[in-house]
Amino acid sequence: MKKSTLIFWLSIPVAYFFTRLVSLKIIPIFTDEAIYSYWAQVALNDPANRFISLEDGKQPLFIWLAAISQYFINDPLIASRLVSVFAGFFSIVGIYLLSKELFDEKVAKIASLLYLIVPFTLLYDRIALYDSLLTMLGIYAIFFSVKMAKTPRLDLAMLNGFAIGLAMITKSSGNFFLY
């Protein structure tokens, strides 16, 4: 591994988690976050209600991940927001991999840095909404589709199917990844 790549992969996670985790509770909770955090609490404490989000027409994957996070972290808001924070981190990794696959390492580094500083991702990676998780799964669906188009293999097809399937149980707009 080149020295510049090593420095990049040491600095990107530090910068990412610094920008996303510092003052994580500074953004006030709003209605959707409160609902999702509550659903995660209910799903965690009552196995009969693991699909509580379906009562409102929402897919359950984000709620399940938030419930797992709440098992380890006492504050429901922080636990739910951490799901988005980690989904955003894996998004930045996916953007790097996709850009490197399509272009080269220099473009991949620039794309990752842009993801790090874009205000939209700065906000959405800090709040407990479905969108960060859906974005991450969409990035990996595209990445595996590109890899599969270059070299058709069963393992890539299965990984692509997993990414699309998880996106579909994250949010209804995940159905677009099929096409």
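Residues numbered from 1 in each chain as written. Predicted model: local features only at pLDDT ≥ 70, side-chain atom pairs only at ≥ 80, totals over all residues. Heavy atoms only, no water.

This brings us to the environment of asparagine 45. Structurally, asparagine 45 is set in helix 2 (residues 31–45). Classification of asparagine 45 as exposed rests on a relative accessible area of 62%. The spatial distance from the C-alpha of asparagine 45 to the C-alpha of tyrosine 71 is 9.3 Å, given a sequence separation of 26 residues. (Helix = DSSP H or I, 4+ residues; strand = E, 2+ residues; numbered from the N terminus. Buried < 20%, exposed > 50% of the residue type's maximum accessible area, 1.4 Å probe, protein only.)

Evaluation of the coordinates by the stated rule reveals 17 aromatic pairs. Ring geometry for phenylalanine 17 and phenylalanine 86: centres 5.5 Å apart, planes at 55 degrees, overall tilted. In this pair, phenylalanine 17 sits in helix 1 (residues 3–21) while phenylalanine 86 sits in helix 4 (residues 76–102), placing the two residues 69 residues apart along the sequence. With relative accessibility at 21%, the residue phenylalanine 17 sits in the partly exposed group. Relative to tyrosine 130, the ring of tyrosine 36 lies with its centre 4.8 Å away and its plane at 85 degrees, an arrangement referred to as edge-to-face. Note that tyrosine 36 is positioned in helix 2 and tyrosine 130 in helix 7 (residues 130–150), a separation of 94 residues in sequence. Across the pair, exposure class does not vary: tyrosine 36 and tyrosine 130 are buried alike. Taken together, the ring pairs in this structure connect Tyr16, Phe17, Phe86, Phe89 and Phe90 into an aromatic cluster. (Phe/Tyr/Trp six-rings, centres within 6.5 Å; stacked < 30°, edge-to-face > 60°.)

Let us now look at unusual backbone geometry. The phi torsion at serine 23 lies on the positive side, around 55 degrees, for a residue other than glycine. For serine 23, the location among the structural elements is in the loop between helix 1 and helix 2. Classification of serine 23 as partly exposed rests on a relative accessible area of 43%.

Tyr16, Tyr36, Phe62, Ile63, Ile92, Leu133 and Tyr140 are the most contacted members of the largest nonpolar core, which totals 48 residues. At the level of elements, helix 1, helix 2, helix 3 (61–72), helix 4, helix 5 (105–117), helix 7 and helix 8 (154–168) are the ones that each hand at least two residues to this core. (Core = buried A, V, L, I, M, F, W, Y, C linked by side-chain atoms within 4.5 Å.)

Okay, the environment of leucine 113 next. By the secondary structure assignment, leucine 113 is in helix 5. Residue class for leucine 113 comes out partly exposed when judged on its relative accessible area of 41%. Remark: the alpha-carbon pair of leucine 113 and proline 60, spanning 53 residues in sequence, is separated by 31 Å. Residues in contact with leucine 113, not counting those within four places in the same chain, are Phe8 and Ile12. (Contact = heavy atoms within 4.5 Å.)

Here we take up helix 8. Over its 15 residues, helix 8 runs 21 Å from end to end, which matches the ideal 21 Å to within 8%, given 1.5 Å per residue. Within helix 8, burial applies to Leu156, Asn160, Ala163, Ile164 and Ala167. In an axial view of helix 8, the angular spread of the buried residues amounts to 90 degrees, which keeps them on one side of the axis. In helix 8, the exposed positions that point more than 90 degrees away from the buried face belong to Leu154 and Phe162. Contacts made by the buried residues of helix 8 are with helix 7. (Expected span 1.5 Å × (residues − 1). Arc of directions from axis to C-beta.)

Time to look at the packing of helix 1 against helix 5. Where helix 1 contacts helix 5, the axes come no closer than 10 Å and their chain directions differ by 10 degrees. With respect to each other, helix 1 and helix 5 are oriented roughly parallel. Crossing of helix 1 against helix 5: the hand is left-handed. Packed against helix 1, whose contacting residues are Ser4, Thr5, Phe8, Ile12, Ala15, Tyr16, Thr19 and Arg20, the element helix 5 presents Glu105, Lys109, Ser112, Leu113, Tyr115 and Leu116 at the interface. Residues of the contact of helix 1 with helix 5, tallied by class, amount to seven nonpolar, four polar and three charged. (Axes fitted to C-alpha atoms, helices over the stretch in contact; angles between N-to-C directions. Parallel < 35°, antiparallel > 145°, perpendicular 65-115°, else oblique. Left-handed = near helix turned anticlockwise from the far one by under 90°. Nonpolar A, V, L, I, M, F, W, Y, C, P; charged D, E, K, R; others polar.)

Worth remembering: the numbers are spatial, not functional.
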